[in-house]
Amino acid sequence: MITIGQLARYVGVSIKTIRVYHDKGLLPEPDRDASGYRRYGANDAIDLIKIRTLAEAGIPLARIRDLRSATDEEFQQALREIDDELTARIRGLRATQGRLRRLAVGRLAPLPTEVGAYLEDLARWGFTPRWVDLQRDLWILMFAAHPDRAITLFRDQAEALADPALRQLFLGYDRAHDLDADDPSIDDLARRIAEANRERYGPDELPQLDAGSEIPALIQGTVNASSPAWRRLDTLIRTQLDA
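The structure contained in this document is the topic of the report that follows. As the structure is a prediction and not an experimental result, all values here were calculated from the model.

**A look at the overall build of the protein**
1) Next: Broken down by element type, the protein carries 12 helices and 0 strands.
2) Next: The helix and strand sequence of the protein, counted from the amino end, reads α-α-α-α-α-α-α-α-α-α-α-α.
3) Next: Here the C-alpha radius of gyration of the protein, 31 Å, is well above what a compact globule of 243 residues would show, namely 18 Å.
4) Next: Counting only C-alpha atoms and orienting by the principal axes, one finds that the protein spans roughly 95 × 40 × 35 Å.
5) Next: Looking at the protein residue by residue over its 243 residues, the buried ones come to 33%.
6) Next: Nonlocal contacts in the protein, meaning residues at least 24 apart in sequence, comprise 62% of its contacts between residues at least 6 apart.
7) Next: Counting every atom, the protein has about 15,000 Å² of accessible surface; 53% of that belongs to carbon and sulfur.
8) Next: Positive and negative side-chain charges of the protein, numbering 34 and 39 respectively, have mean locations separated by a distance of 8 Å.

Definitions and cut-offs
- Position numbers for residues start from 1 in each chain and track the written sequence from start to end.
- Per-residue local features of the predicted model are confined to residues with pLDDT of at least 70, and side-chain atom pairs are confined, for both listing and counting, to 80 or more; whole-chain, interface and lining totals are unaffected and use all residues.
- Where side-chain values are given, they derive from all heavy atoms of the structure, hydrogens and water being excluded.
- Only DSSP runs of H or I reaching four residues or more are called helices, and only runs of E reaching two or more are called strands; each is numbered from the N terminus.
- Note that the radius of gyration is over C-alpha atoms, with the globule rule given as 2.2 Å times the number of residues to the power 0.38.
- Only protein chains enter the area calculation, which uses a 1.4 Å probe; residues under 20% of their type maximum are buried, those over 50% are exposed, and those in between are partly exposed.
- Here, two residues are considered to be in contact whenever any of their heavy atoms come within 4.5 Å of each other.
- Note on areas: these come from Shrake-Rupley sampling with a 1.4 Å probe, and a residue is covered only by the protein chains present in the view.
- When charges are counted, neither His nor the chain ends are considered; positive counts come from Lys and Arg and negative counts from Asp and Glu.
- Working definition for charges: the position is that of NZ of Lys, CZ of Arg, CG of Asp or CD of Glu.

Everything listed here is a matter of coordinates, which is why it stays silent on function.
Below, the structure written as structure tokens:
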């Protein structure tokens, strides 16, 4: 027979933990010896190892208590269910680990290869690192939220950027970031962008997500928040397109 301190050392838990298990009804308290000390046997150690293993697996103490009184068949079924839950958690943790590793190298979520090539083109065409980073982050959001529509919208934008004249308008948008919001060149740029959109799409609406999606507003809000000049440019473009 061993003391509570020896039991704690052998099993790898604290004395306080053993006392909590006693209080929760998970581990019966043994009788005290003539000296007033609790003495534990091999069965107590085995029971404590089982409890510790279940607790380390994330099983709530209340469920462990129920399992302690379950039949062997019920216990085995519960263990299978716990194993399935752990497998799902491991799968989720591995996915999270992958996202963290991609984040560490600047890739929060996988993007299609053609998007990566497009981002490289932006840098080669003279867009600022700020614009390239913004585009990458916004396309990550789009492909995560609307993977079915994102590729169509992306290809539309990539096609527009392949046109040197339209590319100059996007470059102008990028460079307007640091302008004063009242700079008159913003009015001229907004007018030219609105005209280019009308010429490209005619009377049709610009390619967009479903009306119920909040992603476009979220994206534009992110863009506008980074620059008063961009915010005014967006307002002017929308006003002219709605006229």
